[in-house]
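Notes for the structure review
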Amino acid sequence: VQLQAFGGGLVQTGGSLRLSCAASGSGYSFSNMGWYRQAPGAARELVATVTSGGTTNYADSVKGRFTISRDNAKKIVYLQMNSLKPEDTAVYYCNAVRQFESGISRVYWGQGTLVTVSS
C-alpha cells in the first residue's frame, strides 16, 4: 500500500488549495483517513480526519476553513483549504489506517506535499 499526495503549492493569504491523496492497489479498505502537517521546526500535528462513515474531526486552528472528505471506492482523501493563512505553511502528510481481520491495525503515510502561504 502506497499513499501519494498531490496539490500543494504556493498561494497568497486568503487563497485556496485542494489536496488529494490516493492509495494504490485494491482489495482492501481504510477505516480512518486524515491529514497532518509539519511546519519548519515544529512537530507534526493533526489537521483533520474522516472515518469510513464520514465522521470528521478538525484541529481548532482549521475549523471553518478546511474541509476533509473521502471517496471510499477510490481510496482517495481530500483536503479543501480555504482562507489560507501564513501559519498554514507546512508540509502536509496524508494518513490512512487499515484494520486487518486479526484485529491488528496498520498506519500508512504519504510522502508529503508542501503548502506555502505568502503574506
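Refer to the structure presented above.
Notes on the structure in this doc start here. Chains are numbered independently. Their residues run from 1 in the order of the written sequence. Selection of residues for local features in this predicted model requires a pLDDT of at least 70, selection of side-chain atom pairs for listing and counting requires 80 or more, and totals for whole chains, interfaces and linings are taken over all residues. Only hydrogens and water are set aside when side-chain values are computed; all heavy atoms of the structure are taken into account.

Turning our attention to the environment of aspartate 71. Secondary structure elements are defined from DSSP: runs of H or I of at least 4 residues count as helices, runs of E of at least 2 residues count as strands, and each element is numbered from the N terminus. Positionally, aspartate 71 belongs in strand E7 (residues 66-71). Those residues in contact with aspartate 71, other than ones at most four positions away along the chain, are Ile76 and Tyr78. We call two N or O atoms a polar contact when they sit within 3.5 Å, provided that within protein one can donate a hydrogen and the other can accept it, with sequence-adjacent residues counted only if both atoms are side-chain atoms. Only 3.0 Å separates the side chain of aspartate 71 from the backbone nitrogen of lysine 74, close enough to count as a polar contact. The contact definition used throughout considers only heavy atoms, calling two residues in contact when any of these lie within 4.5 Å.

For the rest of this paragraph, the subject is the pattern of salt bridges. Side chains that carry opposite charge are capable of pairing whenever their charged atoms lie near each other. We define a salt bridge as a side-chain nitrogen of Lys or Arg found within 4 Å of a carboxyl oxygen belonging to Asp or Glu. Enumeration according to the criterion identifies four salt bridges in this entry. With its nearest N and O atoms 3.0 Å apart, the salt bridge here joins arginine 37 to aspartate 88. Of this pair, arginine 37 sits in strand E4 (residues 33-38) while aspartate 88 sits in the loop between strand E8 (76-81) and strand E9 (90-99), and the two are 51 residues apart along the sequence. The cut-offs for exposure are 20% and 50% of the maximum accessible area for each residue type, with area from a 1.4 Å probe on protein chains only; residues under the lower value are buried, those over the upper are exposed, and the others partly exposed. Judged by relative accessible area, arginine 37 falls into the buried class, the value being 6%. Aspartate 60 is paired through a salt bridge with lysine 63; the nearest N and O atoms lie 3.1 Å apart. Among the charged side chains, a salt-bridge network with shared partners connects Arg37, Glu45, Arg65 and Asp88.

A word on the sheet that holds strand E1 (residues 3-6). If you trace the four strands from one edge of the open sheet to the other, you get E1-E3-E8-E7, paired in antiparallel fashion. Edge strands, defined here as strands with exactly one partner in the open sheet, are E1 and E7. With strand direction ignored, the average angle separating the axes of adjacent strands in the sheet is 15°. For two strands to count as paired, DSSP must find a minimum of two bridges between them. Sheet topology places E1 next to strand E3 (residues 17-23); four bridges connect them, and they run antiparallel. Directly across from glutamine 4, in E3, lies its bridge partner alanine 22. As a rule, the C-alpha atoms of each element are fitted with a line to give its axis, helices using only the stretch in contact, and angles between N-to-C directions run from 0 to 180 degrees.

A few words on the state of the cysteines. Note on terminology: pairs of cysteine sulfur atoms within 2.5 Å are recorded as disulfides. Taken as a whole and judged by the stated rule, the model has one disulfide. Between the sulfur atoms of cysteine 21 and its disulfide mate cysteine 94 the distance is 2.0 Å. The sign of the 50° torsion about the S-S bond sets the cysteine 21-cysteine 94 disulfide as right-handed. With cysteine 21 in strand E3 and cysteine 94 in strand E9, this pair connects stretches of sequence that are 73 residues apart. With relative accessibility at 0%, the residue cysteine 21 sits in the buried group. Using a relative accessible area of 0% as the deciding quantity, one classes cysteine 94 as buried.

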